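Next come the chains, spelled out residue by residue.
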Amino acid sequence: MAVALGTTLEDQHLFLAVLADCTEQQASEQKLRQLAMAVEASADAVLIADEAGGIRYVNPAFTAMTGWTQQEAAGLPPSQVYGDGATDYGPMWAA
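Sequence positions are assigned chain by chain, starting from 1 and proceeding in written order. Reporting in this predicted model follows two pLDDT cut-offs: at least 70 for local features of residues, and 80 or more for side-chain atom pairs to be given and counted; totals over whole chains, interfaces and linings ignore these cut-offs and use all residues. Processing note: side-chain calculations cover all non-hydrogen atoms of the structure and skip hydrogens and water entirely.

*Asks:* Account for the overall build of the protein chain, with residues named and values stated.
*Replies:* Put simply, DSSP H or I for four residues or longer makes a helix, DSSP E for two residues or longer makes a strand, and each gets a number counted from the N terminus. Scanning the protein chain from N- to C-terminus turns up 5 helices and 4 strands. In this scheme, a residue with accessible area under 20% of its type's maximum is buried, one over 50% is exposed, and one in between is partly exposed, where area comes from a 1.4 Å probe on protein chains only. The 95 residues of the protein chain split such that 17% are buried. Residue contacts follow a heavy-atom distance rule, with two residues in contact if any of their heavy atoms lie within 4.5 Å. Of all intrachain contacts in the protein chain linking residues separated by at least 6 positions in sequence, the fraction that spans at least 24 positions is 10%. For every accessible area listed, the method is Shrake-Rupley and the probe measures 1.4 Å; residues are considered covered only by the protein chains on display. Of the roughly 7300 Å² of accessible surface on the protein chain, a fraction of 58% belongs to carbon and sulfur atoms.

Rendered as structure tokens:
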């Protein structure tokens, strides 16, 4: 990343340049994109829930297996989607 600013002050030309190495950030973003593509393409159902137990994400395999779309499942507890009545997700959060 590079940012450059130039101005004139009292007949003096001033220039400021800021450079930053974004190599590590770009590598992390690439890994995140690869992971997202793998989850989307997975034949296994993937459900991501927040700490309060509300569903935040389901992948296409989840939708194919359960019939619940991302929009329908969003915010619901997994027990409502699976109908298993479970309410203690402590072991799942510990994983």
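*Asks:* A description of the confidence of the model for the protein chain should follow, citing residues and the corresponding values.
*Replies:* Taken residue by residue, the protein chain gives an average pLDDT of 85. The fraction at 70 or more is 85%. The quantity known as pLDDT measures the predictor's confidence residue by residue, on a range of 0 to 100. Element-level mean pLDDT values for the protein chain span from 59 in helix 5 (residues 90-94) up to 96 in strand 4 (residues 55-58).

*Asks:* I'd like a description of a nonpolar patch on the surface, backed by residues and values.
*Replies:* A contiguous nonpolar surface patch, about 350 Å² in accessible area, is contributed by Val-3, Leu-5, Leu-16 and Val-18. Where the nonpolar patch is concerned, the elements lending two or more residues are strand 1 (2-9) and strand 2 (12-19). Tracing the sequence through the fold places Leu-16 in strand 2. Nonpolar side chains (Val, Leu, Ile, Met, Phe, Trp, Tyr) within 5 Å and like charges within 9 Å form the patches, drawn only from residues with over 30% relative accessible area and no salt bridge. Each salt bridge in this description consists of a side-chain nitrogen of Lys or Arg and a carboxyl oxygen of Asp or Glu lying within 4 Å of one another.

*Asks:* Could you give an account of the environment of Val-46, with specific residues and numbers?
*Replies:* Relative to the elements of secondary structure, Val-46 occurs in the loop between helix 1 (23-41) and strand 3 (47-49). Judged by relative accessible area, Val-46 falls into the partly exposed class, the value being 22%. Placed 14 residues apart in sequence, Val-46 and Pro-60 show a C-alpha to C-alpha distance of 8.4 Å. Contact partners of Val-46, with chain neighbours within four places excluded, come to Val-39, Tyr-57, Val-58, Asn-59 and Phe-62.

*Asks:* Residues and numbers for unusual backbone geometry, please.
*Replies:* For Asp-11, which is not a glycine, the phi torsion comes out positive at approximately 60°. Following the sequence through the fold, Asp-11 ends up in the loop between strand 1 and strand 2. With relative accessibility at 74%, the residue Asp-11 sits in the exposed group.

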